Structures are given as structure tokens and as C-alpha cells.
Amino acid sequence: MRAVQIDRFGTPDVLGIVEAPEPEPGPGEVLVRTVATSINPVDDKTREGAIGEGTPPLPLTLGWDLAGIVVDGGDSGLRAGESVIAMSHQLGSGRGTWADLVVLPAHAVATAPRSISLVEAAALPLPGLTALQTLNWLNVRAGERLLITGAAGAVGGLALQIAHARGAKVDALVSRDPHLTFARDHGAGLVTTDPRALADRAYDAVFDTFGAFVTDAVADGGRYASIATQAGPVPDLSSRGVRTTVNQVREDGEGLSELAELVDSGSLRVRVHSSLFGLQEIRAAHERFLRGGLEGKVTVAF
Ligand SMILES: NC(=O)c1ccc[n+]([C@@H]2O[C@H](COP(=O)([O-])OP(=O)(O)OC[C@H]3O[C@@H](n4cnc5c(N)ncnc54)[C@H](OP(=O)(O)O)[C@@H]3O)[C@@H](O)[C@H]2O)c1
């Protein structure tokens, strides 16, 4: 089978399509044939060697997101032929999803949304789980005020929609004008590109997707979660009674099922900027990702 691997770090040129042995599922595992995947910031950082310690040994198959068809569901309850989505914690396990066949623990796999294609669904797992798990940590309740920074990015755009569906009053800090429109259209109240426009100590919770560290905005006694691992820790706000974290995404099939239901009920729209067809397009997909200016994810159909 084909797999996208790196044997050294660098530009998208280091991405190679190699012939790899087919994986065999063990107890508690599911074998999936990949239909599509997407590019995430972590794939870019891993490829260029920016992760440093914690990168599994090379050569390494890349990829976290997966939308595909079950080949062997084992005792998971998933049937052969079923459409599924999954997120593999590739840096933790070394199991990349950019391969024709992928074995994953059953708890990391869920039935795919029925209302969108697998190519679109491939844009959901990693950013969706990050949004969902971080919102759960923030424990935002209906009527509470939430600020999301980077609210039109992959994670932020999903977090905005989920929080809105939960009844939170969401404000948004975004980077550029097209993102103002997206955030307004998806339920944000105040939407700004200027951090100085944010009121002081006004938010019960802040979901920071890019390391803005707008700590003045969180209310005393509130919660502040960053996902920008490489920006470092959130400043200590314990003197103001603010709980802080840098949240790390986990494999989570139940979370994926919840996301799929939100998609199918119309509460969550998955945004795809462009889809490339054929695994040979993986370098082009990385190059498109690197150029930035995206209004959604870059997906690759196998
Ligand atoms: N801890 C974890 O488990 C975890 C999981 C997933 C992602 N992450 C990390 O979280 C970050 C976001 O991921 P993502 O997939 O959502 O990336 P993304 O799609 O690039 O979203 C980031 C958003 O932040 C915006 N932004 C960046 N700098 C800004 C600034 N100075 N002011 C206003 N907006 C700004 C970007 O705008 P532009 O498009 O204009 O640049 C973009 O809309 C990445 O660093 C990723 O590695 C961590």
C-alpha cells in the first residue's frame, strides 16, 4: 500500500510516497481504508522539524485526520463497508493516517456524518475534537460570555459554531476582513481584528487558538484555555482566580460522534477551502497550506 512518509525534515519536497506493508489489526483495533485526509498545522510543523522532542523516529508516516471505509471492524461494532472518521494522535503513537490502510484503536473511530461527503468530513476530526474538548474544559454554559481568538480558523471556526449552538454569547477576535463576515454569520456578537477593542475582564471564558494571550479580557474567577502549544504556557492568573490550561487534543470516538451529529443536525458547518484529488497531490496540498489566506481546510482525496 501507499504511505506518505518523511525520512528527513524540510520543505514539502521531503514528502515521499512509499510502498509500505499493510497493517494488521490487533484486538480492540479497526482497519480502515482511507478515502480522504486534511492538512493540519501539526503536519506542517512535523514535516519541517519544528516539533523537536516528541517527534517519533524517522522514517515516519504523517497525518492525523482520516475519513474512510471500514475494512475490518473487529469487535468494535463498526461493520465492514461503513463510512467512518477518525483522528490518530500521530505524534504520540507514530501511526499516521496518510496511508491507504490505517489501523486505529476502536475508541478513536466513529461513524461519519451522513449529510456531507467523506472528502468534506476529512476536515473535521482534529480541529473538531480540539474545539469540542477545549470547550468542555472551559465548561461554557448557556448565557455565559466566551471570547474566541482566531475565531475563523479551523479550530476557532468550529468552536464558534459549537459554543453558539450551546447558547453561549460568543465574541470573536479575527485576523482579517473576510473573517469578520464569517464570524458574524456564525453567531458571534462583537467581532474585531483589534485586540484593543476587547473589554477588560468581561469574559467568563477565553478560547485562545493562536497564543493571543489577551488575559485582561477574562473576568476574575474565569477560565482561559490556549491550544497554541508552541506559544508556551498561559501566564499564571491564579491571583485573579482564573484557571488556565494549554489543552492538548486526545483521540476520542465519542467526541467524533457528537461532532457528526452536530453536522447532520445543521448546527455545524465544515469549511473546505480546496480539495485536491490523488495522493500525488500531497506536496501541492502542503504548498497551498503554506501560502495561507485560507477560508477553510485543504483536503486530499486518495
Ligand atoms: N494543542 C492542541 O492539541 C492543538 C490542536 C489543534 C491545533 N493546535 C494548534 O492551534 C493553532 C490553530 O490551529 P488551526 O488548525 O485552527 O489553525 P488555523 O486554521 O491557521 O487558525 C488560526 C487562526 O488564527 C488566526 N490568527 C493568527 N494570528 C492572528 C492574529 N495575530 N490576530 C488575529 N488572528 C490571528 C489565523 O488567521 P490567518 O488565517 O489570517 O492567519 C487563523 O484564522 C495552531 O498553532 C495549531 O498547531 C493545537
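Our subject in this report is the structure included herewith.

Rules behind the numbers
Residues numbered from 1 in each chain as written. Predicted model: local features only at pLDDT ≥ 70, side-chain atom pairs only at ≥ 80, totals over all residues. Heavy atoms only, no water. Helix = DSSP H or I, 4+ residues; strand = E, 2+ residues; numbered from the N terminus. Expected span 1.5 Å × (residues − 1). Buried < 20%, exposed > 50% of the residue type's maximum accessible area, 1.4 Å probe, protein only. Pairing = 2+ DSSP bridges. Core = buried A, V, L, I, M, F, W, Y, C linked by side-chain atoms within 4.5 Å. Contact = heavy atoms within 4.5 Å. Phe/Tyr/Trp six-rings, centres within 6.5 Å; stacked < 30°, edge-to-face > 60°. Lys NZ or Arg CZ within 6 Å of the ring centre and 35° of its normal. Right-handed = clockwise from strand over helix to strand, strands pointing away. Near = heavy atom within 4 Å. Polar contact = N/O pair within 3.5 Å; in protein donor to acceptor, adjacent residues only side chain to side chain. Areas by Shrake-Rupley, 256 points an atom, 1.4 Å probe, with all protein chains shown as cover. Nonpolar A, V, L, I, M, F, W, Y, C, P; charged D, E, K, R; others polar. Salt bridge = Lys/Arg side-chain N within 4 Å of Asp/Glu carboxyl O.

**What about helix H4 (residues 125-138)?**
- In this model, H4 (14 residues) spans 20 Å end to end at C-alpha, consistent with the 20 Å of a helix rising 1.5 Å per residue.
- Of all 14 residues in H4, 12 are buried; the element is thus mostly enclosed.
- Trailing H4 by a residue or two, Asn139 shows a phi angle of about 55 degrees, which is positive.

**Remarks on the sheet that holds strand E13 (residues 218-226)**
- Read across the sheet, 6 strands follow the order E11-E10-E9-E12-E13-E14 without closing on themselves; strand pairing throughout is parallel. The outermost strands of the open sheet, each flanked by one partner alone, are strand E11 (191-192) and strand E14 (243-246).

**Overview of the nonpolar core**
- Ranked by internal contacts, the top residues of the largest apolar core, which has 53 residues, are Leu146 and Phe207.
- In this structure Leu146 touches Leu135, Leu138, Val140, Ala163, Lys169, Val170, Asp171, Tyr203, Ala205, Val206 and Phe207, once residues within four positions along its chain are discounted.

**Notes on the packing of aromatic side chains**
- Going through the model one piece at a time under the given rule, you end up with 0 aromatic pairs.
- The ring of Trp137 is capped by Arg243, whose NZ or CZ atom sits 4.7 Å from the centre of that ring.
- Across from the ring centre of Phe182, 3.8 Å away, lies the NZ or CZ of Arg271, which sits over that ring.

**Topic: the pairing of strand E15 (residues 272-277)**
- Inspection of the sheet shows E15 paired to strand E16 (residues 297-301) by 5 bridges, in the parallel sense. Each bridged residue has a counterpart across the sheet, and for Phe277 the counterpart in E16 is Ala301.
- You can see the chain leave E15, run along helix H8 (residues 282-291) and come back into E16, and the turn it takes is right-handed.

**Observations concerning the site of the ligand**
- Lining the immediate environment of the ligand, one finds 19 residues, of which Lys45, Ser175, Arg176, Asn247 and Val249 sit closest.
- With respect to the ligand, the side chain of Lys45 contributes an N or O atom lying 2.7 Å from an oxygen atom.
- At a separation of 3.4 Å, a nitrogen atom of the ligand approaches a polar side-chain atom of Gln248.
- Coverage of the ligand by the protein chains reaches 71% of its 920 Å² of free accessible surface.
- Partitioning the shell around the ligand into residue classes produces 8 nonpolar, 9 polar and 2 charged.

**A look at the pattern of salt bridges**
- A full pass over the atoms with the stated rule returns 13 salt bridges.
- Across the pair Glu144 and Arg141 runs a salt bridge whose closest N-O atoms are separated by 3.2 Å.
- Judged by relative accessible area, Glu144 falls into the buried class, the value being 12%.
- For Arg141, a relative accessible area of 44% puts it in the partly exposed group.
- In this structure, the salt-bridge partner of Arg223 is Glu144, at a minimum N-O distance of 2.8 Å. In this pair, Arg223 is assigned in strand E13 and Glu144 in the loop between H4 and strand E9 (145-149), connecting sequence segments 79 residues apart.
- By sharing partners, the salt bridges in this structure join Arg141, Glu144 and Arg223 into a single network.

**Brief notes about the pairing of strand E7 (residues 101-105)**
- Of all 5 residues making up E7, 5 are buried, and the element is well covered by its neighbours.
- Side chains Leu101, Val103 and Pro105 project from E7 onto one buried face, and the interleaved Val102 and Leu104 project onto a second face that is buried too.
- By the bridge criterion, 5 bridges tie strand E3 (residues 29-38) to E7 in an arrangement that is antiparallel. When the bridges of E7 are listed, Leu31 appears paired with Val103.

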